[in-house]
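# Understanding the architecture of this molecule
For reference, the chains in residue letters:
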Amino acid sequence: MNSNIEIIDSIIDLKAEKEAIILAHNYQIGEVQDIADFVGDSLQLSIKASRAHGQMIVFCGVHFMAETAKILSPDKKVLLPDKNSGCPMADMITASQLRKLKDEHPGAVVVCYVNTTARVKALSDICCTSSNAVNVVRSIPENREIIFIPDKYLGDYVQRQTGRKLILWNGYCPVHAMIDVRDILEIKKEHPNAAVLVHPECTPEVIDIADKVASTGGMLKYVKASSKKDFIVGTEIGIIHRMKRQNPHKNFYPASGRTICPNMKLINLEKIFWSLEDEVYEVKVPTDIIEKARAAIDRMIAIK
Ligand code: SF4
C-alpha cells in the first residue's frame, strides 16, 4: 500500500465490513480527523459513543477517551489504534489516591474531569468535561463539600466562575501548562486585533488575558460566530485544522509553538487500517467498573 488514497479506500471498505465507526478528538492529526465519522471534544465524543450504531468503535484519541466509549457502549468492541496513547494528566491520580482523599473528606461529592481512568471514575459521583464543569459544580447543593480531580487549573477556573470552594488535586495538563502569557502578548503585538481563545486547562494567568475561555467545541462555535478575522489559539494545535476548514478566510495563530500533545499525535492512517484489520488494541473495562463509572458519566450527560 503506497498512498493515502489506497489506505483511505481500504479503511472505508474495512469499516463497512466490520460495521465500525471512527471517532476522533479535535487534537488528532488532520488526516485522521478527515477520515473520521465524527470529530469533537470529549463531551461530544462521549455522547456520540453512547448513541453509536454498529459493532465496533475505533477511537482516535487517548486511552481514557476509549475507556469512556467502552463504558458507554459496553456491547461494542472499542479499539485504540495505538496502545501507547495515554494522557499524563489522567495518570496523575490513581484509584487508591482518590480513596484516601475521600477518606479525608467523608461526605464530599467527587467531581471528576473526564480525563481520568475508568477506575477513578467508578469512585466518583459525577464526571465533567471542560465544557460543562461549571454547570456540573453549580448542580451540587451549596451545603456539600466538593472534591474536584485531577486538574487544578480547570478546578481553579470553576472556583472562580461559581464562587464555590473546591478541594483540588495537584494534577494538570503538561501541554496547556506550557502556554505562557508572554508568548501570547508577543503574538498580540503583531496581530493586535486578534481574539485570544484559551482552554480552561491553562494557568489562571493565561485565562486572565483571554477574550474567550472555552472547550475545543466552544472555541469552534465562537470562531464561527465572531466577526473577527484573527485568533490566537491557546490549546493543542490540532484544533486549528478544523478551525481552518470551517473558516477558510480567517487566520489562526498557535499561542505557543509547544502546544503539541505527543500522545494525541501517535495515531495515523496506517494505524487505523491495522487497527480495523487486526481488531487491535481492544480496550476492556471490568463489568463492575463499567457500572459504577457509567453512573458518574450518565449524571454528567444529563446536565450537559
Ligand atoms: S492535551 Fe493534555 S489533557 Fe489532553 S491528552 Fe494530551 S496531555 Fe492529556
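Bear in mind the structure is a predicted one, so any value in this text is a computation, not a measurement.

With that out of the way, let us pick up the domain arrangement of the chain. Assigned domains within the chain: domain 1 (4–85 + 264–285), domain 2 (90–173 + 292–303) and domain 3 (179–254). Each of domain 1 and domain 2 has a C-alpha centre, and the two are 26 Å apart. In this assembly, 11 residues from domain 1 lie in contact with 16 residues from domain 2. Carbon and sulfur atoms make up 73% of the area that domain 1 and domain 2 hide from each other, which totals about 1100 Å². Broken down residue by residue, the surface that domain 1 buries against domain 2 is led by L43, F64 and I71, which jointly contribute 49%. The interface formed by domain 1 and domain 2 holds 0 salt bridges in total. Our enumeration of links across domain 1 and domain 2 arrives at 2 residue pairs in polar contact (both at pLDDT 80 or more). Breaking the side of domain 1 that touches domain 2 down by element, the ones donating at least two residues are α3 (42–50) and α4 (63–72). Among the elements that make up the side of domain 1 that touches domain 2, the one with the highest residue count is α4 (5 residues).

Quick notes on the rules
- Once a new chain begins, its residue numbering starts again from 1 and follows that chain's sequence as written.
- With the structure being a predicted model, the display of local features is reserved for residues of pLDDT at least 70 and the display and counting of side-chain atom pairs for 80 or more, all residues being used for whole-chain, interface and lining totals.
- Calculation of side-chain values draws on the structure's entire complement of heavy atoms; hydrogens and water are dropped beforehand.
- How far each domain reaches was decided by an automatic or database domain assignment.
- By definition, residues are in contact when any of their heavy atoms lie within 4.5 Å.
- Each of two parts loses accessible area, computed with a 1.4 Å probe, when they are put together; buried area is these two losses added.
- What counts as a salt bridge is simple: a side-chain nitrogen of Lys or Arg found within 4 Å of a carboxyl oxygen of Asp or Glu.
- Think of a polar contact as two N or O atoms within 3.5 Å of one another; within protein, one of them needs to be a possible hydrogen donor and the other a possible acceptor, and neighboring residues in sequence only count if both atoms come from side chains.
- Only DSSP runs of H or I with at least four residues qualify as helices, and only runs of E with at least two residues qualify as strands; both kinds are numbered from the N terminus onward.

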